[in-house]
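# Overview (structure and organization)
Letter by letter, the chains look like this.
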Amino acid sequence: MKRLLVMLMALLLTAPALAGTERTILLYTDYEQLGWGDALQVGWVDSEGGMWLWEGHAGETDWPDARDEKTAWMLSRTDAKSLGRLSDEALANLKGLILSLPDGRPSWQAAACDAGTEESYALRDGAAILLGGSGDDWCENTDPSAQTLYLMLRECFPGVKSYWGEKGMSPKGFQAVSVPVFCGYWGTDFDDGRWTRAELDCEAGLGEAVPLDAAPAWFVSGMVTGKASSMGATGNTTIYTCYDQDGLPLASFEFYGDLLVRSDGMYDVK
């Protein structure tokens, strides 16, 4: 079911491209060091999943200030280095995360001097959405989709300098939290709870609940570590329910494999 959803999402999101629209930019990150020299590094992902890197000096090129002009600059570079292409599934997932980003712009905070500044953006309908930045100034978009996309840029473009992970100079990133707390069950007493598990099929519906001898391992020690996808699941999931001693439900949790299903997508649990 998940693969079907991915394929459908990919078809929906690539429909304009199939109709003949031009290649666009989905994500990009850039680093500028103007205090000591004029180093410039730019990495971007295009609408076909291509990953590209340009490195040089700002004085050697016409790197613009305006966001729309930067997009045109990237698309025009014939001297950019190809870093390969994302898989179809990864590209569909990336596009879904971009679609789920909320509007708004995080504020920048001063941090250092002459470290240079890295900025990372997603582009949607021509508008640049700030995901985060690090260095002389830093900011963080705290939306889970934005945090995943920011980290994706760090992983895709390790050659673009950033200060990811350096306290006070970069976004903090998604903070791991236990499954019940992440799902909003603060203060709920699960100590004497009784657990059941049931399979949810997209056609047959919810199956028979099977009692469990103990709380699931993910409940005891699992931590939500970040957003994996903005897509949901309409079946082939497992519903775990905890009941109190009177047989009343305390909480339910839905999983697609190892992924926690929530209303805004699915999350990694380690």
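What comes next concerns the included structure. Keep in mind that this is a model prediction, so the values were computed, not measured.

### A closer look at the nonpolar core
Counting 26 residues, the largest nonpolar core has Leu27, Leu94, Leu131 and Leu149 as the members making the most contacts within it. Contributing elements (two or more residues each) for this core: β1 (25–33), β3 (50–57), α3 (88–99), β7 (127–135) and α4 (144–156). Setting aside residues no more than four positions away along its own chain, Leu149 makes contact with Leu27, Leu94, Leu97, Ile98, Leu101 and Leu131.

### Describing the environment of Ile239
Here Ile239 shows up in strand β14 (residues 237–243). The class of Ile239 is buried, set by a relative accessible area of 18%. Residues Ile239 and Leu200 lie 39 residues apart in sequence; the distance between their C-alpha atoms is 6.9 Å. Non-local contacts of Ile239, meaning those with residues more than four positions away in its chain, are made with Thr196, Arg197, Ala198, Leu200, Leu206, Ser252, Phe253 and Glu254.

### Quick look at the pattern of salt bridges
Counted under the stated rule, the structure contains nine salt bridges. Here Arg67 ties to Glu119 by a salt bridge, and the two come within 2.7 Å at their closest N and O atoms. Of this pair, Arg67 sits in helix α2 (residues 67–76) while Glu119 sits in strand β6 (residues 117–124), placing them 52 residues apart in sequence. Judged by its relative accessible area of 25%, Arg67 is partly exposed.

Conventions adopted
- Residues numbered from 1 in each chain as written.
- Predicted model: local features only at pLDDT ≥ 70, side-chain atom pairs only at ≥ 80, totals over all residues.
- Heavy atoms only, no water.
- Core = buried A, V, L, I, M, F, W, Y, C linked by side-chain atoms within 4.5 Å.
- Buried < 20%, exposed > 50% of the residue type's maximum accessible area, 1.4 Å probe, protein only.
- Helix = DSSP H or I, 4+ residues; strand = E, 2+ residues; numbered from the N terminus.
- Contact = heavy atoms within 4.5 Å.
- Salt bridge = Lys/Arg side-chain N within 4 Å of Asp/Glu carboxyl O.

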